[in-house]
Amino acid sequence: MKKILLIVLAIIVAGGLVGLFVYRQQAGYTKVLTGKVTRQDLATVVSGTGQIKPKTYANLGANAMGRVTHISVKEGDTVKLGQVVATIQNVQQEAAVSSQQAAIAAAGTDIAASIAGEKTAQANVEKAQADLEQKKLDWVRAQGLYQAGILAKQDYDAKKALYDTDVASLDQSAAALNQARAQTDSLRGHQKMAVASLRTNQDLLNQTILTAPFDGIVTNEPVREGESVVPGIQNTVGSTLMTLADMSVVTAEVKVDETDIVNIVIGQPAEVTVDALPGKIFKGHVTLAGDQALLRSTGVATLQSTTGTEEAKDFKVVITLDSPSADLRPGLSTTAKITTAHKANVISLPIQALTMHNSADDNPKGKDGVQAATNSFTSAPAKTPSVQGVYVVEKDPRGKLRARFVPVTTGITGSTDIEVTSGLNEGQEIVTGPFKTLRALKNGSLVKRDTSTPAAAQGTGGTSVTVS
């Protein structure tokens, strides 16, 4: 029994010595996670949610009041331009059109009769002109004979009377011809009035016959045959018969946060996913970037809002799909990822490695934890600004790992990595975490790679490191 106790005691003492040795070996070191500066393709992506919408759609409303007598299509049907899709009761309109058509036909008959009367009057004028010409010759001959004393005064007067009568007859025939022509013009005017009335009545009739304004599909049909409809404001109950959508050009209308809209321009590529079609990605491009801010809570434009409360705002962005699918339907929920910037084969590092460092924090502090002043007789120096950069892991002359702060400038930002435009080279090892350790790390601190965390959990290029 004593031997067993001695063995256990020896093991405990040995473990304690090993622990003390390890503790002394790690004293003064800080455990950190590290990663590598690599080259890769980077893309900045802006996301937005919304719904699928056709580029062209129309709500067919009632233009006339009455009962729906026939609906020739149903929801989901494909229609062609000009196809009759519904009719409203139109007995009165049809009767008015028929009446005006009959009036126009009667006016045409009256005009034809009046033209015939013109021709008769024209013939009478020509006959009167011929008679007058004959009477004029007789009158001139009678004047010569009368002057020669051959013709009696009675016969002379008779010839003159016949000539005067034919002059009056010609004037009468000419007046009759003018009257016939005026009558024809009047009848033509009445016919034009009837034609104008016919167009009015025909328009009223057409308003009871709804036709498709373009090729598309029926996406909504709230009214049934036998129900009454009335002309009114759009979306009012009883005023919309159906909705047609042209699904040949399909768009995704999404809302983008106000902080991202400044980076979106027309033509940028986008990927659209639809909740109802998992696994499918639709390629598209931005065709509209809204200029009007929308309140996130209500969707109302800020210019139309009467409240003065400050809240988050979105902007409307429209993405036109390059190859829409027949499975798409208006109103399906969608998510769009818009690529606002893209660079190939650039130097990059994990975003979490970036930190802000103030060189004043590296100066030694007194026993009370306050940094010593450089000159007690001068005014307090201006506060040193913080600099963006990363901690590079390097070996000192003694072979120990130290974290050296290096200022860097950055470019575009990807989902997990950020472009480095200056300050680092490919392959350099940098500190990537943990976050709290990175914030408190000093320039030149001894570090040790932390191997306790699997590398797969460290993100892009991440390895487990310890820093001191």
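This report concerns the structure included in the present document. (Residues numbered from 1 in each chain as written. Predicted model: local features only at pLDDT ≥ 70, side-chain atom pairs only at ≥ 80, totals over all residues. Heavy atoms only, no water.)

1. Here's the deal with the packing of aromatic side chains
- All chains considered together, the criterion is met by three aromatic pairs.
- Note on tryptophan 139 and tyrosine 156: the rings are 4.9 Å apart at their centroids and 40° apart in plane angle, and the pair reads as tilted. Placement of the pair is tryptophan 139 in helix H2 (residues 91-147) and tyrosine 156 in helix H3 (residues 153-206), with a sequence separation of 17 residues. In terms of burial, tryptophan 139 and tyrosine 156 fall into one category: buried.
- Taken together, the ring pairs in this structure connect Trp139, Tyr146 and Tyr156 into an aromatic cluster. (Phe/Tyr/Trp six-rings, centres within 6.5 Å; stacked < 30°, edge-to-face > 60°. Helix = DSSP H or I, 4+ residues; strand = E, 2+ residues; numbered from the N terminus. Buried < 20%, exposed > 50% of the residue type's maximum accessible area, 1.4 Å probe, protein only.)

2. Some remarks on H2
- In this model H2 runs 83 Å from its N-terminal to its C-terminal C-alpha over 57 residues, within 8% of the 84 Å that 1.5 Å per residue would give.
- Of the residues trailing H2, glycine 149 is marked for its positive phi of about 80°. (Expected span 1.5 Å × (residues − 1).)

3. A short note on unusual backbone geometry
- Note the cis peptide between glycine 433 and proline 434, where omega equals -5°.
- Looking at the element boundaries, proline 434 is found in the loop between strand S19 (429-433) and helix H4 (435-440).
- The phi dihedral of asparagine 345 falls on the positive side, at around 55°, and the residue is not glycine.
- Here asparagine 345 is to be found in strand S13 (residues 333-350).

4. Describing the nonpolar core
- Grouped together as the largest cluster of nonpolar side chains are 26 residues, with contacts concentrated most on Ile264, Val317 and Ile319.
- Every element with two or more residues in this core is listed here: strand S2 (38-61), strand S9 (240-257), strand S10 (269-274), strand S11 (281-295), strand S12 (313-321) and S13.
- The greatest single-element share of this core, amounting to six residues, is contributed by S9.
- The contact partners of valine 317, leaving out residues within four places of it in the chain, are Ala252, Glu253, Val254, Val256, Ile261, Ile264, Val286, Leu288 and Ile338. (Core = buried A, V, L, I, M, F, W, Y, C linked by side-chain atoms within 4.5 Å. Contact = heavy atoms within 4.5 Å.)

5. Overview of the packing of H2 against H3
- Closest axis-to-axis distance for the H2/H3 pair is 7 Å, and the angle between their directions is 165°. With respect to their mutual orientation, H2 and H3 come out roughly antiparallel. Seen from above, H2 lies across H3 with left-handed handedness. (Axes fitted to C-alpha atoms, helices over the stretch in contact; angles between N-to-C directions. Parallel < 35°, antiparallel > 145°, perpendicular 65-115°, else oblique. Left-handed = near helix turned anticlockwise from the far one by under 90°.)

6. Things to note about the layout of surface pockets
- When its volume is computed, the second largest pocket comes out at roughly 180 Å³.
- Around the second largest pocket, the lining comprises 13 residues; the ones closest to its centre are Pro54, Tyr57, Thr219, Thr243 and Pro330.
- Top contributing element to the lining of the second largest pocket by residue count: S2, with six residues.
- For the lining of the second largest pocket, a count of residues per class yields six nonpolar, six polar and one charged. (1 Å grid on protein atoms, 1.4 Å probe; cavity = no way out; pocket = protein on both sides within 12 Å on 5 of 7 lines; lining within 4 Å. Points joined across faces, edges and corners; volume = space filled by probe spheres on them. Nonpolar A, V, L, I, M, F, W, Y, C, P; charged D, E, K, R; others polar.)

7. Observations concerning the environment of leucine 132
- Secondary-structure assignment places leucine 132 in helix H2.
- On a C-alpha basis, the gap between leucine 132 and aspartate 166 in space is 5.1 Å, while along the polypeptide they are 34 residues apart.
- The residues touching leucine 132, leaving out its near neighbours within four places in the chain, are Tyr163, Asp166, Val167 and Leu170.

8. Considerations on the pattern of salt bridges
- Counted under the stated rule, the structure contains 18 salt bridges.
- Glutamate 253 is the partner of lysine 53 in a salt bridge, and the nearest nitrogen-oxygen pair spans 3.4 Å. Of this pair, lysine 53 sits in strand S2 while glutamate 253 sits in strand S9, and the two are 200 residues apart along the sequence.
- Here lysine 280 ties to aspartate 327 by a salt bridge, and the two come within 3.2 Å at their closest N and O atoms. Taken as a pair, lysine 280 in the loop between S10 and S11 and aspartate 327 in the loop between S12 and S13 lie far apart in primary sequence, 47 residues in all.
- Under the relative-accessibility criterion, lysine 280 is labelled partly exposed at 36%. (Salt bridge = Lys/Arg side-chain N within 4 Å of Asp/Glu carboxyl O.)

Limitation: the analysis is restricted to geometry and does not speak to function.
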